Amino acid sequence: MFTSYIAIGDSFTEGVGDDLPDGRVRGWADFVALGLAAASPEPVRYANLAIRGRKLGPIVAEQIEPAIAQRPQLVSLNGGGNDIMRPRVAIADVARILIDAADRVTASGSHMLLLSGANPSAHLPLGGLVRRRGNDLAREVRAMLPRDGITFVDNWADEGLEHIRYWSEDRLHLNALGHARVASNVLTAFDVPVPAEWGVDEVAASSGGDRSRRTAEYYRRFVLPWIGRRLTGRSSGDGRAAKIAELTVVDPAGAQPL
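Residues numbered from 1 in each chain as written. Predicted model: local features only at pLDDT ≥ 70, side-chain atom pairs only at ≥ 80, totals over all residues. Heavy atoms only, no water.

J.: I tried to follow the side chain of Thr 3 on my own but got confused; where do I start?
T.: Turning to its location among the elements, Thr 3 is positioned in the segment before strand S1 (4-8). Judged by its relative accessible area of 15%, Thr 3 falls in the buried class. Apart from residues no more than four positions distant in its own chain, Thr 3 is found in contact with Ser 40, Glu 42, Pro 43, Val 44, Arg 45 and Gln 73. (Helix = DSSP H or I, 4+ residues; strand = E, 2+ residues; numbered from the N terminus. Buried < 20%, exposed > 50% of the residue type's maximum accessible area, 1.4 Å probe, protein only. Contact = heavy atoms within 4.5 Å.)

Given below as structure tokens:
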């Protein structure tokens, strides 16, 4: 059982898509912290240094040292999703950066939770390209595992997560249900009970859900702004700071409902 946990990464780990009424985002890493706290007889401390829009290089350069300096028992890392959506990317290099970063974490004495993101390609323009590159990255990472001190959670291989019920309006980020399912995958990997109130199994067993539709409004609200940022060299994370920069005690009673 881990009693201190720091998450690093991009929008997936920050929790974009799982929006709370007060304007904050939650996400799978917050759910994992809540699950650990609910199962632990001791207080669990948690920090989240992830910032949306970050490519893997800046994640490693900006977030690993502040994370390991706090000496957590567990560090999670997801990255590379923004890299594979750029016009040119060397997949093998991205995979090697991920593994090297994981090795830095384990060398510091923390356990490494390395996890892949969910697969959004069924719902995106140019989704076929995203799927091919994501498959290539997953294959490269899997080829370098297992490794001592690293737990790998392969959300990319979770075909159920591809269903539209798990995705937010922008079709690129998971919604609350999707983030809860990723957290369930993580807690299950650590043999930690998944809180029943999340309803993960019930959602997975349900049928229906809207089909993925890309309308003119969808392109206006989400695709065109994304293209604009790429053309101007801006990021959705510009000017943003980590949402929980220092290890903070988790209060399971303060959890927001799904």
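J.: For this particular structure, what's the right way to read the packing of aromatic side chains?
T.: What characterises a pair of aromatic rings is the spacing of the ring centres plus the angle enclosed by the ring planes. This structure, assessed with the given rule, holds 4 aromatic pairs. Both rings, one in Phe 12 and one in Trp 28, keep their centres 5.7 Å apart while their planes meet at 35°; by these two values the pair is tilted. Of this pair, Phe 12 sits in helix H1 (residues 11-14) while Trp 28 sits in helix H2 (residues 28-39), placing them 16 residues apart in sequence. This pair shows no difference in class: Phe 12 is buried, exactly as Trp 28 is. (Phe/Tyr/Trp six-rings, centres within 6.5 Å; stacked < 30°, edge-to-face > 60°.)

J.: What's the story with unusual backbone geometry in this structure? I'm lost.
T.: Glycine aside, the phi torsion of most residues is negative, and most peptide linkages are trans. Residue Pro 146 is bonded to the preceding Leu 145 through a cis peptide linkage, with omega at 5°. Mapped onto the secondary structure, Pro 146 falls in the loop between helix H5 (127-143) and strand S5 (150-154). One non-glycine residue with positive phi stands out, namely Arg 71, at about 55°. Within the secondary structure, Arg 71 is located in the loop between helix H3 (56-68) and strand S3 (74-77). Overall, the relative accessible area of 64% leaves Arg 71 in the exposed class.

J.: Any chance you could explain the sheet that holds S1 here in plain terms?
T.: To summarise the sheet geometry, strands pair through backbone hydrogen bonds and adopt either a parallel or an antiparallel arrangement. One open sheet holds the 6 strands; their spatial order is S5-S4-S3-S1-S2-S6, and the pairing between them is mixed. Only two strands of the sheet have a single partner each, and these edge strands are S5 and strand S6 (244-249). Averaged over all pairs of adjacent strands, the angle between their axes in this sheet comes to 15°, without regard to strand direction. Alignment of S1 against S3, held across 4 bridges, turns out to be parallel. Across the sheet, Tyr 5 pairs through a bridge with Leu 74, a residue of S3. Its contacts with the sheet place H2 against S1, strand S2 (45-48), S3 and strand S4 (111-116), and it is angled at close to 175° to S1. Along the sheet, helix H4 (residues 91-107) makes contact with S3, S4 and S5, crossing S4 at roughly 160°. (Pairing = 2+ DSSP bridges. Axes fitted to C-alpha atoms, helices over the stretch in contact; angles between N-to-C directions.)

J.: Explanation requested: the layout of surface pockets in the structure shown.
T.: Any empty space left between the atoms is revealed when a probe the size of a water molecule rolls over them. Here the second largest pocket is characterised by a volume of approximately 490 Å³. Arg 24, Val 25, Asp 30, Tyr 46 and Ile 244 are the residues nearest the centre of the second largest pocket, which is lined by 22 residues in total. Taken together, the residues that form the lining of the second largest pocket break down as 10 nonpolar, 4 polar and 8 charged. (1 Å grid on protein atoms, 1.4 Å probe; cavity = no way out; pocket = protein on both sides within 12 Å on 5 of 7 lines; lining within 4 Å. Points joined across faces, edges and corners; volume = space filled by probe spheres on them. Nonpolar A, V, L, I, M, F, W, Y, C, P; charged D, E, K, R; others polar.)

J.: What exactly am I supposed to notice about the pattern of salt bridges here?
T.: A side chain of one charge can pair with a side chain of the opposite charge if their charged atoms are brought near each other. Scanning all chains against the criterion turns up 13 salt bridges. When the shortest N-O distance is used, the salt bridge between Asp 22 and Arg 24 registers 2.7 Å. One salt-bridge network, held together by shared partners, links Glu 14, Arg 52 and Arg 240. (Salt bridge = Lys/Arg side-chain N within 4 Å of Asp/Glu carboxyl O.)

J.: Looking at this structure, how should I read the nonpolar core?
T.: Proteins that are soluble and globular tend to have nonpolar side chains buried together. Tyr 5, Trp 28, Val 32, Leu 113, Leu 115, Leu 174 and Val 186 are the most contacted members of the largest nonpolar core, which has 35 residues in total. Looking at this core, the elements that each hand over two or more residues are S1, H2, S4, helix H6 (176-189) and helix H7 (200-205). No other element matches the 8 residues that H2 contributes to this core. Setting aside anything within four residues of it in sequence, one finds Val 186 in contact with Trp 28, Val 32, Leu 113, Leu 115 and Val 153. Core analysis: the second largest hydrophobic core is formed by 29 residues, Leu 49, Ile 59, Val 94 and Leu 114 among them. (Core = buried A, V, L, I, M, F, W, Y, C linked by side-chain atoms within 4.5 Å.)

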